[in-house]
Amino acid sequence: MDFNVKKLASDAGVFFTRAVQYTEEKLGQAEKTELDAHLENLIARADCTKNWTEKIFRQTEVLLQPNPIDQTGARIEEFFYEKLDRKIPSRTTNAELLGQYMQDAAKEFGAGTPYGSTLITVGEFQRRLGGAEREFLQMSAINFLTPLRNFLEGDWKTISKERRLLENRRLDLDVCKARLKKAKLAEAKAAAEHELRVAQTEFDRQAEVTRLLLEGISSTHVNHLRCLHEFVEAQAAYYAQCHKHMQDLQKELSSANGDTFPNAFAVNASTSGVTAGPSPLSTDTLTGASPPSRPPNPSNALESSTLKIEEVKPPATGTRKAKVLYDYDAADTSELSLLADELITVYTVPGMDPDWLIGERGNQKGKVPVTYLELLS
């Protein structure tokens, strides 16, 4: 192998000189040309953009491909397809695979049996969910991950290269300044002044190139903002599809198995004695609807005549913790005002209206509406 010994020696000498110069700057023994404040701010902003873009990119990859083993295998596969300049095939999702297993199992158990027919139905909807997931993954990879990757592997590498070149020009400029200070003879001073002018020109030119590149970070933010909107739209469409598929599946199972399992998909409120707010799959919950309407005040004659809040004592057993879902303003002194996300203790007493519970917070006690609560234990 042919080595250029002179170039190797020159590079080693430059490296050693740079190391000495950096050390002297750190110790305050050598002059250091400072960049202007605007350029320093642009550099800090660019570093911040790079660091957070990298973190968001990596975590989005984890979100879209949560299994580390699958993720590694997928990246290797993508690498080979990119080198071969071929389109990456769409992969079967876990939900699609589960749906296929269910439908294959139904053939073994008998498609005419209740269990077999239900496996076929659930398997079909699992495959639909998997298809929706695959579309979401593809859209997210194209519209969100790819632009972030292009910035990290393209624009940022160019910026880093020019910044390194700017740093070298700064070091050369500082060396020329030091030589001019040390020059004693007129000829040496003239030569040093010439070198300084050349170094200053090169430094200013490189600083301008670097500044223009760094100012392009603003355009990068605009582009990433658009990509972020597209990612959210794809995610919202995916979850809406999943919600619709699950609602359709529940309806189909309820109608198909209603005679055999009449209560299989119904909420049995009597098992807990209370109702804990809206269903997790309700449209109101998914869209962030306003709090439920205030339940009517108990008009039960027994309760109005016997229930006095100050005399109510918590039962020995049956108290539960509840999380408050929405703010609630008490209508009178018998009720307890609530703040969203706080935890309270609740229980019921004989003769109590089923839409209300007794809530306690420290020394405060009063009636609270069940629909404003999420029971925790």
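A short tour of the structure in this document, coming up. This structure is a prediction, so every number in the text was calculated from the model and none was measured.

Parameters at a glance
Residues numbered from 1 in each chain as written. Predicted model: local features only at pLDDT ≥ 70, side-chain atom pairs only at ≥ 80, totals over all residues. Heavy atoms only, no water. Helix = DSSP H or I, 4+ residues; strand = E, 2+ residues; numbered from the N terminus. Buried < 20%, exposed > 50% of the residue type's maximum accessible area, 1.4 Å probe, protein only. Contact = heavy atoms within 4.5 Å. Expected span 1.5 Å × (residues − 1). Polar contact = N/O pair within 3.5 Å; in protein donor to acceptor, adjacent residues only side chain to side chain.

## Quick notes on the environment of Leu376
1) Next: Structurally, Leu376 is set in the segment after strand 5 (373-375).
2) Next: For Leu376, a relative accessible area of 46% corresponds to the partly exposed category.
3) Next: Here the alpha-carbon distance between Leu376 and Arg320, two residues 56 residues apart in the chain, equals 7.1 Å.
4) Next: Setting aside residues up to four positions removed in sequence, Leu376 forms contacts with Lys321, Ala322, Lys323 and Leu343.

## With respect to helix 2 (residues 37-64)
1) Next: With 28 residues, helix 2 should reach 40 Å at 1.5 Å per residue; the first-to-last C-alpha distance of 40 Å fits that figure.
2) Next: Taken together, the buried positions of helix 2 are Leu39, Leu42, Ile43, Ala46, Thr49, Lys50, Thr53, Phe57, Thr60, Glu61 and Leu64.
3) Next: You can read the cap of helix 2 off the contacts: a side-chain oxygen lies 3.1 Å from the backbone nitrogen of His38, and it is on Asp36.

## Quick look at the environment of Arg361
1) Next: Take Arg361: it is sitting in strand 3 (residues 356-361).
2) Next: Using a relative accessible area of 24% as the deciding quantity, one classes Arg361 as partly exposed.
3) Next: The sequence separation of Arg361 and Leu343 amounts to 18 residues, and the corresponding C-alpha distance is 8.0 Å.
4) Next: Ignoring anything within four residues of it in the chain, the contact list for Arg361 reads Leu336, Ser337, Leu338, Glu342 and Ile344.
5) Next: In terms of polar contacts, Arg361 uses its side chain to reach the backbone carbonyl oxygen of Ser337, at 2.4 Å.
6) Next: A polar atom in the side chain of Arg361 sits 2.8 Å from the side chain of Glu342.

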